[in-house]
Amino acid sequence: MAPWLAALWLSAAPDSWALPAARPCTAAERDELAAEATTPWRLTCRAVLRANQSIVRPILIEGAEASGAGLDCNGGAIGRPGLAVTTRQPTIAVWSRRITAQHWSRPTDIRITNCTIHGAVRVWGMGADGGYDDLRASSRTADHTATTQGSAPSHIALDRVTIVGTGSIPLYVGSGVTRLSLTRSTLSGRSDATALYLDAESADNRIENNAIAVETRREVIAIDGSARNRITGNRIDLKGRPGVFLYRNCGERGVIRHQTPSDNQITDNVFSGAARLRPQLVVVGAREGRRSYCGEDRGYPWGSSADDGDRATNNVVARNLRR
């Protein structure tokens, strides 16, 4: 969003919002949201649920027309407890929509608060239509990082939410997503992979003052070619798994990782439940090219195509405690 537009939105009166979805939902829209349906409901307004209301319908926040949308669950819940969700249909999806191969319509300035979310939240830009062809093609150009970030959702705030994982990664921050914040929240339940994933080319995200206690099969937090993030003040129950891994997943699906996992701050976190043998709280440079698919992006003079190493630099890892 242009700075002048952001300033206008922040200073605007309620009847003069600058963003298309920054308006209260109508009664009819709230009724649609509350329907017993399995098809995702497109949120293009600001919804406030009744106290402790439960909504079972998935929510889709897609495209620029959803910019400014919000959801305040007022202590209520979204999703069906225990129901396994998929990467293609998470409980809440914040997605960009493809216009052309080079242009995507992206939502910005989304706020979700006071919710229990059963399943997963997935924020995704280029490639949200289910394929990696666009990401792969973009990665073969020199300005891939800027293009990916310009195509992805930005300024997404998750505050005082609880995400209860049912198998899929509870919070997936996709390629190019910038300025997402998870604050004063809880990640719980189970995941077949990690609790939180920050994907390639994403940046400037904040994970602050949360409780993370997810049964994972891998490290709890993955920082894969993601930069300038702040992970601070969290309480992280490892349940015997590794904590935070910083790496660059070179060549996966033939997509060149341009950005390195650099300039991140991982500070003032409290880790519990570490493995007794070889406990791993924060590992900077966790892969260094040790993957069979690293060669799938060869032939270009930049990023992981030219160098399979993680190249994780200027990261600050300080004042983290193990209990």
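Within any chain, residue numbers begin from 1 and follow the written order of that chain's sequence. Under the rules for a predicted model, residues below a pLDDT of 70 receive no local features and side-chain atom pairs below 80 are neither given nor counted, while totals for whole chains, interfaces and linings still include all residues. The basis for every side-chain value is the complete set of heavy atoms in the structure, and neither hydrogens nor water enter the calculation.

### A word on the overall build of the protein chain
Then comes step 1: We count a stretch as a helix when DSSP gives it H or I for four or more residues in a row; a strand needs E for two or more, and each element gets its number in order from the N terminus. When helices and strands are counted, the protein chain shows five helices and 29 strands.
Then comes step 2: Taken over C-alpha atoms, the radius of gyration is set against a globule rule of 2.2 Å times the number of residues to the power 0.38. Its C-alpha atoms give the protein chain a radius of gyration of 19 Å, near enough to 20 Å, the size a compact globule of 323 residues would have.
Then comes step 3: Viewed in the frame of its principal axes, the protein chain has a C-alpha envelope of about 55 × 45 × 35 Å.
Then comes step 4: Think of it in three bands: with a 1.4 Å probe and only protein chains considered, a residue is buried below 20% of the maximum accessible area for its type, exposed above 50%, and partly exposed in between. Considering the protein chain as a whole, with its 323 residues, one finds that 54% of them fall into the buried category.
Then comes step 5: Of the contacts made within the protein chain by residues no fewer than 6 positions apart, 75% connect residues no fewer than 24 positions apart.
Then comes step 6: To measure how exposed things are, a 1.4 Å probe is used in the Shrake-Rupley method; for residues, cover is taken only from the protein chains shown. Carbon and sulfur atoms make up 50% of the accessible area of the protein chain, which totals about 13,500 Å².
Then comes step 7: Note that His is not counted, nor are the chain ends; the positive residues are Lys and Arg, and the negative ones are Asp and Glu. A charged residue contributes its charge at one atom only: NZ of Lys, CZ of Arg, CG of Asp or CD of Glu. A gap of 5 Å separates the mean positions of the 40 positive and 32 negative side-chain charges of the protein chain. Residue contacts are defined here by distance: any two heavy atoms, one from each residue, within 4.5 Å place the two residues in contact.

### Comments concerning the nonpolar core
Then comes step 1: Membership of the largest hydrophobic core comes to 52 residues, with the highest contact counts inside it found for Leu 43, Ile 61, Leu 71, Ile 92, Ile 112 and Ile 221.
Then comes step 2: Non-local contacts of Ile 92, meaning those with residues more than four positions away in its chain, are made with Ile 59, Ile 61, Leu 71, Ile 78, Ile 112, Ile 117, Ala 120, Val 121 and Arg 122.
Then comes step 3: Membership of the second largest hydrophobic core comes to 18 residues, among which are Ala 93, Trp 104, Ile 169 and Phe 245. We define the nonpolar core as a collection of buried residues of types Ala, Val, Leu, Ile, Met, Phe, Trp, Tyr and Cys that are connected through side-chain atoms lying within 4.5 Å of one another.

### Regarding the confidence of the model for the protein chain
Then comes step 1: One confidence number per residue, pLDDT, is output by the predictor and ranges from 0 to 100. Per-residue pLDDT for the protein chain has a mean of 92; in total, 94% of the residues score no lower than 70.
Then comes step 2: Low pLDDT (under 50) marks residues 1–16, which in the prediction has 14 contacts with non-local residues, meaning those over four places away or in another chain.

### A closer look at the environment of Thr 260
Then comes step 1: Residue position: Thr 260 is located in the loop between strand E24 (244–247) and strand E25 (265–267).
Then comes step 2: Between the C-alpha atom of Thr 260 and that of Ile 223, which follows or precedes it by 37 residues, the distance is 9.6 Å.
Then comes step 3: In contact with Thr 260, not counting residues within four places along its chain, are Gly 225, Ser 226, Ala 227, Arg 248, Asp 310 and Arg 311.
Then comes step 4: Within 3.5 Å is the distance limit for a polar contact, defined as a pair of N or O atoms, with the added protein rule that one can donate a hydrogen and the other accept it, and that residues adjacent in sequence qualify only through two side-chain atoms. Within the structure, Thr 260 has its side chain in polar contact with the side chain of Ser 262 (distance 2.6 Å).
Then comes step 5: Within the structure, Thr 260 has its side chain in polar contact with the backbone oxygen of Arg 311 (distance 3.4 Å).

### Comments concerning the packing of aromatic side chains
Then comes step 1: Ring pairs are drawn from Phe, Tyr and Trp, using the six-membered ring of Trp, whenever the two centres fall within 6.5 Å, and their geometry is named by plane angle: stacked under 30 degrees, edge-to-face over 60, tilted for the rest. Applying the stated rule across the entire model yields four aromatic pairs.
Then comes step 2: Ring geometry for Trp 124 against Tyr 132: centres 6.3 Å apart, planes inclined by 80°, an arrangement best described as edge-to-face.
Then comes step 3: Whether a charge sits over a ring depends on NZ of Lys or CZ of Arg being within 6 Å of the ring centre and within 35 degrees of the ring normal. Between the NZ or CZ atom of Arg 122 and the centre of the ring of Trp 124, over which it lies, the distance is 4.5 Å.
Then comes step 4: If you follow Arg 122 out to its NZ or CZ, it ends over the ring of Tyr 172, 4.3 Å from the centre.

### Brief notes about the sheet that holds strand E10 (residues 108–113)
Then comes step 1: Two strands pair if DSSP finds at least two bridges between them. Overall, parallel pairing links the nine strands, which are arranged E2-E5-E10-E13-E16-E19-E22-E25-E28 in an open sheet. Each edge of the sheet is formed by a strand with only one pairing partner; in this case those strands are strand E2 (46–48) and strand E28 (316–318). Across the sheet, the axes of successive neighbouring strands diverge by a mean angle of 5°, strand direction being ignored. Think of each axis as a best-fit line through the C-alpha atoms, taken over the contacting stretch in the case of a helix, with angles from 0 to 180 degrees between the N-to-C directions.

### Examining the state of the cysteines
Then comes step 1: Criterion for a disulfide: a pair of cysteine sulfur atoms within 2.5 Å. This structure, assessed with the given rule, holds three disulfides.
Then comes step 2: Between Cys 73 and Cys 115 runs a disulfide, and the two sulfur atoms are separated by 2.0 Å. Taking the sign of the torsion about the S-S bond as the criterion, the disulfide between Cys 73 and Cys 115, at about 85°, is right-handed. Of the two residues, Cys 73 is situated in the loop between strand E5 (70–72) and strand E6 (77–78) and Cys 115 in the loop between E10 and strand E11 (116–118); the sequence distance between them amounts to 42 residues. Comparing Cys 73 with Cys 115 shows no difference in burial state: the two are buried.
Then comes step 3: The partner cysteine of Cys 250 in its disulfide is Cys 294, sulfur to sulfur 1.9 Å. Pair noted here: Cys 250 is in the loop between E24 and E25 and Cys 294 is in the loop between strand E27 (282–284) and helix H5 (303–306), with a separation of 44 residues, a long-range link. Across this residue pair, the class does not change: Cys 250 and Cys 294 are buried.
Then comes step 4: In the protein chain, the cysteines engaged in disulfides, taken in order along the sequence, are linked 1-2, 3-4, 5-6.

### As for the environment of Pro 170
Then comes step 1: Within the secondary structure, Pro 170 sits in the loop between strand E14 (162–167) and strand E15 (171–173).
Then comes step 2: On the accessibility criterion, Pro 170 (0% relative accessible area) is buried.
Then comes step 3: Distance from Pro 170 to Ala 120, taken between C-alpha atoms, is 4.3 Å for residues 50 residues apart in sequence.
Then comes step 4: Discounting residues that sit within four places of it in the chain, Pro 170 has contacts with Gly 119, Ala 120, Val 121, Ile 163, Gly 165, Ser 188, Ser 191, Thr 194, Ala 195 and Val 214.

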